[in-house]
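# Understanding the architecture of this molecule
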Amino acid sequence: QVQLVEPGGGLVQAGASLNISCTVSAGTITNYATAWFRQAPGNESEFVEVISQNIDTTFYGDSMSGRFTISRDNARKAVYLPMSSLHAGGTDVYYCAASRLIAGVRESAYNYWGQGTQVTVSS
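So, here is what we can say about the structure in this document.

Parameters at a glance
- Residues numbered from 1 in each chain as written.
- Predicted model: local features only at pLDDT ≥ 70, side-chain atom pairs only at ≥ 80, totals over all residues.
- Heavy atoms only, no water.
- Helix = DSSP H or I, 4+ residues; strand = E, 2+ residues; numbered from the N terminus.
- Buried < 20%, exposed > 50% of the residue type's maximum accessible area, 1.4 Å probe, protein only.
- Polar contact = N/O pair within 3.5 Å; in protein donor to acceptor, adjacent residues only side chain to side chain.
- Pairing = 2+ DSSP bridges.
- Core = buried A, V, L, I, M, F, W, Y, C linked by side-chain atoms within 4.5 Å.
- Contact = heavy atoms within 4.5 Å.

### Notes on the side chain of R38
- Structurally, the position occupied by R38 is in strand β4 (residues 33-39).
- Assessed through its relative accessible area of 14%, R38 is described here as buried.
- Within the structure, the side chain of R38 is placed 2.7 Å from the side chain of E46, a separation counted as a polar contact.

Spelled out as structure tokens, the structure:
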């Protein structure tokens, strides 16, 4: 089956930037819509951003306000989430997800998931 691997996040200071990644073990990554979801402690997971199949359409969740910009490296079969202006507030977990069918905003749209990337933002 398709595997999504997130190598890890880190600890950053509020206001800093961080680029997290997700590699996809698929023959052609552009056959998949790939998305990021974020889960804060005690909260439900929320949609962050998605890049669609080979037409490269992107859209992001309302709460993100366009601060993050998803990108994809087809040769490396990787998806990235460069994050800027990170807010202090503890540790969030970012999950990458992939689907052959839909570039959606709900978790149910996705068949494959990474293990999560922990990002801690200190004040």
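### Here's the deal with the sheet that holds strand β7 (residues 71-73)
- With antiparallel pairing, the four strands of this open sheet are ordered in space as β1-β3-β8-β7. The sheet is open, and its two edges are formed by β1 (4-5) and β7, each paired on a single side.
- Of the strand pairs in this sheet, β1 and strand β3 (residues 18-24) are connected by two bridges, and their pairing is antiparallel. Considered in β3, the bridge of V5 is made with T23.

### What to know about the nonpolar core
- Ranked by internal contacts, the top residues of the largest apolar core, which has 24 residues, are I20, W36, L81, M83, L86 and Y94.
- Ranked by the residues each element gives to this core, the list is headed by β3, at four residues.
- In terms of nonpolar packing, the next biggest core, distinct from the first, is built from eight residues, A33, V50, A109 and Y110 among them.

### Observations concerning the environment of S85
- If you trace the backbone, S85 turns up in the loop between β8 (78-83) and β9 (90-99).
- Measuring from C-alpha to C-alpha, the distance between S85 and S17 comes to 6.2 Å, with 68 residues separating the pair along the chain.
- When neighbours within four sequence positions are excluded, S85 is seen to be in contact with G15, A16, S17 and R67.

### Looking at the side chain of T34
- Following the sequence through the fold, T34 ends up in strand β4.
- What makes T34 buried here is its relative accessible area of 2%.
- Those residues in contact with T34 that lie beyond four places of it in its chain are E49, V50, I51, I70, V79, A97 and A98.

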